[in-house]
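Observations on the model geometry
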Amino acid sequence: MLQPKRTKYRRPHRLSYEGKAKGGTKLEYGEYGLVALEGAYITDHQIEAARIVLSRTTSREGHVYIRIFPHLARTKKPAEVRMGSGKGAPEGWAAVVEEGRILFEIGGANPENAKRALRIAGYKLPIKTKVIARDDKEAK
């Protein structure tokens, strides 16, 4: 799964996913993209599941671009432990995704397959998503 090589802090504070994304809101690499319609934490396992769907559904034609990365360590306390005594141990990694952020892009693939693959990949994620296409005006 995806995770950073090293981090500054082992158990960071949570970052807010409320509001609209400041960057990563336009298609940069491919012709079709999957955009988040709401904010959430997306785990490394969910990103990997969506990536597998994208590569399988497009029959590995074209190129899949992953535009998010799980930088945030998520912690969890063990089951049946009393309150207090500090923060739990790191359990997994998550990407902080805000509304309007592009999650995945596909370039160089058949348009019908690309749109279908992105729609199916959206089902693997815990948020509402929308498939967008690059306009001719935007490309110029």
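Right, let's walk through the structure included here. (Residues numbered from 1 in each chain as written. Predicted model: local features only at pLDDT ≥ 70, side-chain atom pairs only at ≥ 80, totals over all residues. Heavy atoms only, no water.)

**Concerning the sheet that holds strand E7 (residues 129-133)**
This is how the line gets drawn: Any two strands between which DSSP finds at least two bridges are classified as paired. Helix and strand assignments follow DSSP, with helices taken as H or I runs no shorter than four residues and strands as E runs no shorter than two, numbered in order from the N terminus. Inter-axis angles, ranging from 0 to 180 degrees, are taken between N-to-C directions of lines fitted to C-alpha atoms, where helices are fitted over the stretch in contact. Whether two residues are in contact is decided by their heavy atoms: any pair within 4.5 Å suffices.
Pairing within the open sheet is antiparallel, and its four strands lie in the order E3-E6-E1-E7. Every interior strand has two partners, whereas the edge strands, strand E3 (63-66) and E7, have only one. In this sheet, neighbouring strand axes are inclined to one another by 20° on average, regardless of whether the strands run parallel or antiparallel. Sheet analysis places E3 next to strand E6 (residues 102-107), joined by four bridges and oriented antiparallel. If you follow Tyr-65 over to E6, its bridge partner there is Glu-105. Docked against the sheet, helix H1 (residues 44-57) engages E3 and E6, running at close to 20° with respect to E6. Sheet contacts for helix H2 (residues 111-123): strand E1 (32-36), E6 and E7; angle to E1, the most-contacted strand, approximately 20°.

**A look at the sheet that holds strand E4 (residues 72-76)**
Backbone hydrogen bonds hold the strands of a sheet together, and the pairing may be parallel or antiparallel. Judged by pairing direction, the sheet is antiparallel, and its three strands sit side by side in the order E2-E5-E4 without closing on themselves. The sheet is open, and its two borders are formed by strand E2 (40-43) and E4, each paired with just one other strand. The mean inter-strand angle of the sheet, taken between neighbouring strand axes irrespective of direction, is 50°. Across five bridges, E4 lies against strand E5 (residues 89-97) in antiparallel orientation.

**Considering the side chain of Thr-57**
Basically, it comes down to this: A 3.5 Å cut-off defines polar contacts: any pair of N or O atoms within that distance qualifies, except that in protein one atom must be a possible hydrogen donor and the other a possible acceptor, and neighbouring residues in sequence count only when both atoms are side-chain atoms.
Locating Thr-57 in the fold gives a position in helix H1. A polar side-chain atom of Thr-57 sits 2.6 Å from the main-chain carbonyl oxygen of Val-53. Setting aside its immediate chain neighbours within four residues, Thr-57 contacts Arg-116, Ala-117 and Ile-120.

**Brief notes about the pattern of salt bridges**
Rule in force here: When a carboxyl oxygen of Asp or Glu is within 4 Å of a side-chain nitrogen of Lys or Arg, the pair counts as a salt bridge. Burial status follows relative accessibility: with a 1.4 Å probe on protein chains alone, a residue under 20% of its type maximum counts as buried, one over 50% as exposed, and anything between as partly exposed.
Across all of its chains, the model carries three salt bridges by this definition. Of the charged contacts in the structure, one is a salt bridge between Glu-105 and Arg-67, with a shortest N-O distance of 2.2 Å. Here Glu-105, found in strand E6, pairs with Arg-67, found in the loop between E3 and E4; they are 38 residues apart in sequence, far enough to count as distant. The class for Glu-105 is buried, based on a relative accessible area of 0%.

**Some points on the packing of H1 against H2**
Selection criterion: Here the angle decides the label: under 35 degrees means roughly parallel, over 145 means roughly antiparallel, 65 to 115 means roughly perpendicular, and every other value means oblique. Helix crossings fall into two classes, left-handed where the near helix is turned counterclockwise from the far one by less than a right angle and right-handed where it is turned clockwise. Polar here means any residue other than Ala, Val, Leu, Ile, Met, Phe, Trp, Tyr, Cys and Pro, which are nonpolar, and Asp, Glu, Lys and Arg, which are charged; Gly is therefore polar.
It is the contact of H1 with H2, at a shortest axis distance of 9 Å, that shows an interaxial angle of 155°. The orientation of H1 relative to H2 falls into the category roughly antiparallel. For H1 against H2, the interelement crossing comes out right-handed. Every residue of H2 that contacts H1 at Ala-50, Val-53, Leu-54 and Thr-57 is listed here: Arg-116, Ala-117, Leu-118, Ile-120 and Ala-121. Considered class by class, the residues forming the contact of H1 with H2 number seven nonpolar, one polar and one charged.

**Overview of the side chain of Arg-67**
For Arg-67, a relative accessible area of 15% translates into the label buried. Those residues within four positions of Arg-67 in sequence are excluded, and the remaining contacts are Gly-24, Lys-26, Leu-27, Glu-28, Tyr-29, Arg-101, Ile-102, Leu-103 and Glu-105.

These values are about where atoms sit, not about what they do.
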